[in-house]
Amino acid sequence: MPPDTGALLEQSATAHRHRPPAPSPHRPPGALPRTPPARRPVKRLLTLALLLAAGLLTVAHQIRPAPYGDHLTSGPPAHTARARGGAVEAYDGRNLRWRYARPGRRPLSVLPTRGQAITVWDDGLVTDTDGRSVRWHRALPAASDWLRARGGAGVLRPLRRGILAVVTPSRIAAYRTADGDLRWVLPARAGCAFRPERAVRHGHALLVAQPCATGAWTAQLVAVDDLGKIAPHRTPLGNEPPRAGRPEHPRTEKALAPPR
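## Let's talk about the state of the cysteines
Point 1. All told, the structure shown has one disulfide when counted by the stated rule.
Point 2. Bridging Cys192 to Cys212, the disulfide has an S-S length of 1.9 Å. Its torsion about the S-S bond being 110 degrees, the disulfide of Cys192 and Cys212 is classed as right-handed. A residue pair is termed long-range when its members are at least 10 positions apart, and Cys192 in the loop between strand E12 (181–187) and strand E13 (195–202) and Cys212 in the loop between strand E14 (205–209) and strand E15 (221–225) qualify at 20 residues.
Point 3. Accessibility expressed as a relative area gives 14% for Cys192, which makes it buried.

## Some thoughts on the pattern of salt bridges
Close approach of charged atoms allows side chains with opposite charge to pair.
Point 1. What the rule picks out here adds up to 15 salt bridges.
Point 2. The residue Asp130 makes a salt bridge to Arg132 at a minimum N-O spacing of 3.7 Å.
Point 3. The exposure class assigned to Arg132 is exposed, which follows from its relative accessible area of 55%.
Point 4. For Arg176, the salt bridge identified is with Asp179, shortest N-O distance 3.0 Å.
Point 5. Judged by relative accessible area, which is 4%, Arg176 ranks as buried.
Point 6. For Asp179, a relative accessible area of 31% translates into the label partly exposed.
Point 7. Within the structure, one salt-bridge network assembled from shared partners comprises Arg176, Asp179, Asp181 and Arg183.

The rules behind these values
Residues numbered from 1 in each chain as written. Predicted model: local features only at pLDDT ≥ 70, side-chain atom pairs only at ≥ 80, totals over all residues. Heavy atoms only, no water. Disulfide = S-S within 2.5 Å. Helix = DSSP H or I, 4+ residues; strand = E, 2+ residues; numbered from the N terminus. Buried < 20%, exposed > 50% of the residue type's maximum accessible area, 1.4 Å probe, protein only. Salt bridge = Lys/Arg side-chain N within 4 Å of Asp/Glu carboxyl O.

Structure below.
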């Protein structure tokens, strides 16, 4: 009998559907398909954009303004420093060693100490510079207007053991010169104000005038040293920088200052 023509056609179509695709002449069997050529330019553009963004971020980081507007022309340490014009200049004899400026700001008083220069500026900022870097910055609250009007006479007062007293009408603040750490604060009494230009040294103590509208004259004078206000049976702070394995406030139960 002649074969059924319809059955033959159906068998041929079924065999064609289940036949595996012929391998590409340009790709070995089992290899992953290649990225379509149209997608390659997109990947290149994305890579280029990422590299460009990274470069722009690096440049922006390098050209960002210095903190507090610091402009330091560095040099070796010097033992003499003074305010000159709008900058702090340090000298070794007649040789200029380094120069530190904050454009738009004016140094009011400079205190040279151990190859460093501590400066109070007209915007109420206190800085410490050693010629290689500006080691620390500290802001004096609510002092800029008073400083611009009265200047920085008597504001910076060195105490013992590397402690600096900064005297303004509203308070006396003490900082450790090694790192600018705030050690203690003594606010003026209500109705009174400190007069930094009238402060004097007596031994290890700094005597600061505190004129008041009312009250006995004995209350209008305070004595401080590196440990704070001098008073009977006070507790010392331990102002030395902390060391490994050594507590920052040793022997806090022992009063070092005798009654005065």
